[in-house]
Protein chains: 2
Amino acid sequence: MNLDDELLSVRAAELYYDEDKTQDEIGVILGLTRWKVGRLLASAKQRGFIRIEIVHPRARRLGLERALVERFGLADAVVVPVGDAVAESEVVERVASAAADHLTALRPVPRTLAISWGRTLLAVANALGDGWAAGVNIVQMNGGVSVNRRSGTAAATAIEIARKSGGGATLLPSPAILERLETKLSIESDRTVAGILDLAAGADTYLYSAGAATASSAHIESGYLDVDDMDELIRRGAVGDVVGRYIDADGMIVDPALDARTVGLPLDRLRSARRAIAVISGVDKVPVAHAIVTSGLCTALVTDEAMANALLGLPEVPLPHTARTRTAI
Amino acid sequence: MNLDDELLSVRAAELYYDEDKTQDEIGVILGLTRWKVGRLLASAKQRGFIRIEIVHPRARRLGLERALVERFGLADAVVVPVGDAVAESEVVERVASAAADHLTALRPVPRTLAISWGRTLLAVANALGDGWAAGVNIVQMNGGVSVNRRSGTAAATAIEIARKSGGGATLLPSPAILERLETKLSIESDRTVAGILDLAAGADTYLYSAGAATASSAHIESGYLDVDDMDELIRRGAVGDVVGRYIDADGMIVDPALDARTVGLPLDRLRSARRAIAVISGVDKVPVAHAIVTSGLCTALVTDEAMANALLGLPEVPLPHTARTRTAI
DNA sequence: GGCCGATCTGCTCGGATGAGCACAGCGGGG
DNA sequence: CCCCGCTGTGCTCATCCGAGCAGATCGGCC
């Protein structure tokens, strides 16, 4: 395949894709047979000269989804594209929107859905449409902030999701982390709390996000941990938290003592769940997302393209000509 | 066409373009007939959800070319795409390369080619392939720098183009602009110079670029004009220079006195030429390019996509969703 | 010079696709 | 209540296009 053919490929591609000519017409224009034109187009496609992009907020990246499912043994994956022009803040919205779609399309329809809380989950709640399902019981699976600057975020998330399905919300009335083990044990043995945790443990579907182990964690913001605690966690290998529990790169609890003071469902319940949907986006959460998918904490992952590429160990934006220099084809 | 169909379009497009499924298969997956799928794909294309880009240094934008030919009554236009990732400096190279292609494909093959000089033309000279034509006589059509920091650029351009066609170069041994009118008249009446200008006037093809009327003009760099002269020219409506002569937005000479001291072919010779090829790129040259195409100074324009869009009065990067807000479809 | 394998070219054939048409559902107006 | 135009759907048919095959061409090697 010499240079001349390369130029012809490009000319043919222009006529075919930009000008909507038929291969036969292109053959006449360029003085070639239509089969030659077909072969040129095939080679142009194969060599990556032709890039087809689907420009839509709801578009997905099916190839990456399949790769994730394959690589990490998931039941399902949803990957939303992030074009150059998509702002960081908008990515969360789009991932949340995709998660809402995914929830809406779940079959069988969930009867009891256990959820965590946070910025991402609130976005999912907002993105869900009225009547996304019928009469789903929403139950919180971990303790949360009761009073902070965005007071009631956790509760609002659960209530919103429940309202939109015409079902009820069961809130877990407990702090996320308690100072003393005894307090935690006694709260957990309280009939109300125990009942709620039982309900959560019996859920058929789990939906949660994850937090990165950084100084901007919601746990620090809410005062459950301070910066020194976080540094210590990081020093011991923490990559982030899942429903309030800090894990390392292998998905193991980093600090058993801290974990014992954390109110909520144990992680093994997620691992044994038939359906556990993790909704995670943002580069700072790559390590925790990796820990989640490799340690079986979720059956489905909803995320963004950059995350998917990172998880699969690929360069973030595989442009054809940069790809050549990076991967030495 | 409601929102539901819009989402289906996107899903269908993903399966069709990213996953290489057949429309029939997509029909099965989405629970639609193959005809419905076909219609969805057509609407997705029509609504701009599907963007097909040809990623290649030699690619062109045929649609814009046709629009330019149509709008400005040109015989030919060549527009090279500028993707997001193409650096400003590379654009000139690509335009030059396209100009070289265009020259090589000219029929009938030029016998005498009159050229100007400058950064762009030098790039064209370098981009030309050996044997791009056979025995073309190259002749300079305007005076140029003889000694400046890049000494001999003007001469090198002509010589290079000539060498690659196996023809000869005829240089115009004169400054671009003279201080006194008498000097200019006497130089022009010199037998050698007059002969060269006659030769240029008899060329069958003209090739030139243009300069913007800015402080970084080659005329200032070479000392023919100073910044005050330029300010005065701009004040009087100058948009740039064509073969050394400053014109306004209507293509008229801005300063007849200055023009009288400028050595080279008069612009009307370009207007009456059978083939005059202008090679222009860069946003700062939009005004001068516009003056050129509207006042009939060229029969063919070789330029970049941003320039073409500017000339046609379009937004620079017509993304589907921004286009909606800007042009109110 | 002549043989041979590799590559390229042009073709047949069947699947994929788009244009155009007939019909169903729907809503408004008489 | 019925008629009628409009939109959306499923189908027929002609066209387009890609897979696969036989002959042509070319370069390497003896």
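Small disclaimer: the values here were computed from a predicted structure and weren't measured.

Thresholds, definitions, all that
Residues numbered from 1 in each chain as written. Chains lettered and ligands numbered in written order. Predicted model: local features only at pLDDT ≥ 70, side-chain atom pairs only at ≥ 80, totals over all residues. Heavy atoms only, no water. Phe/Tyr/Trp six-rings, centres within 6.5 Å; stacked < 30°, edge-to-face > 60°. Buried < 20%, exposed > 50% of the residue type's maximum accessible area, 1.4 Å probe, protein only. Contact = heavy atoms within 4.5 Å. Buried area = accessible area lost by both parts, 1.4 Å probe. Salt bridge = Lys/Arg side-chain N within 4 Å of Asp/Glu carboxyl O. Polar contact = N/O pair within 3.5 Å; in protein donor to acceptor, adjacent residues only side chain to side chain. Helix = DSSP H or I, 4+ residues; strand = E, 2+ residues; numbered from the N terminus. Nonpolar A, V, L, I, M, F, W, Y, C, P; charged D, E, K, R; others polar. Pairing = 2+ DSSP bridges. Near = heavy atom within 4 Å.

(A) Region of the structure containing the packing of aromatic side chains. All names here are of chain B. With the rule as written, the count across this model stands at 2 aromatic pairs over all chains. Consider the rings of tyrosine 16 and tyrosine 17, whose centres lie 5.0 Å apart with planes at 85°: the pair is edge-to-face. A relative accessible area of 28% means that tyrosine 16 is categorised as partly exposed.

(B) Molecular detail of the interface of chain B and chain A. The interface is formed by 28 residues belonging to chain B together with 28 residues belonging to chain A. Here chain B and chain A share an interface that buries about 2900 Å² over both sides, 55% of which is from carbon and sulfur atoms. Where chain B touches chain A, the interface holds 2 salt bridges. For A:Arg66, the salt bridge is made with B:Glu19, and the minimal N-O distance between the two is 2.6 Å. The tally of links between chain B and chain A comes to 14 residue pairs in polar contact (both at pLDDT 80 or more). Broken down by element, the side of chain B that touches chain A gets its largest block of residues, 9 residues, from helix α1 (residues 3–18) of chain B. Classifying every residue of the side of chain B that touches chain A by side-chain character gives 12 nonpolar, 3 polar and 13 charged. Pairing analysis gives 5 bridges linking strand β1 (residues 50–54) of chain A to strand β1 (residues 50–54) of chain B, with the strands arranged antiparallel. Following the sheet pairing, A:Arg51 is matched in β1(B) by B:Glu53.

(C) Up close: the protein's contact with DNA strand C. As a matter of local geometry, DNA strand C sits amid A:Thr33, A:Arg34, A:Trp35, A:Lys36, A:Arg39, B:Tyr16, B:Thr22, B:Gln23 and B:Arg34. Within 4 Å of the protein, the contacting atoms of DNA strand C are 50% sugar and phosphate, with bases supplying the remainder. A:Thr33 has a polar side-chain atom sitting 3.2 Å from a phosphate oxygen of DNA strand C. Side-chain polar atom of A:Trp35 to a base oxygen of DNA strand C: 3.2 Å apart, as the coordinates give it. The greatest single-element share of the surface near DNA strand C, amounting to 4 residues, is contributed by helix α3 (residues 34–46) of chain A.

(D) Main features of the protein's contact with DNA strand D. Close to DNA strand D lie A:Tyr16, A:Thr22, A:Gln23, A:Arg34, B:Thr33, B:Trp35, B:Lys36 and B:Arg39. When the atoms of DNA strand D within 4 Å of the protein are sorted by group, sugar and phosphate make up 54%. Within the side chain of B:Lys36, a nitrogen or oxygen atom sits 3.1 Å from a phosphate oxygen of DNA strand D. Within the side chain of B:Arg39, a nitrogen or oxygen atom sits 2.7 Å from a base nitrogen of DNA strand D. Class assignment for the residues of the surface near DNA strand D results in 2 nonpolar, 3 polar and 3 charged.

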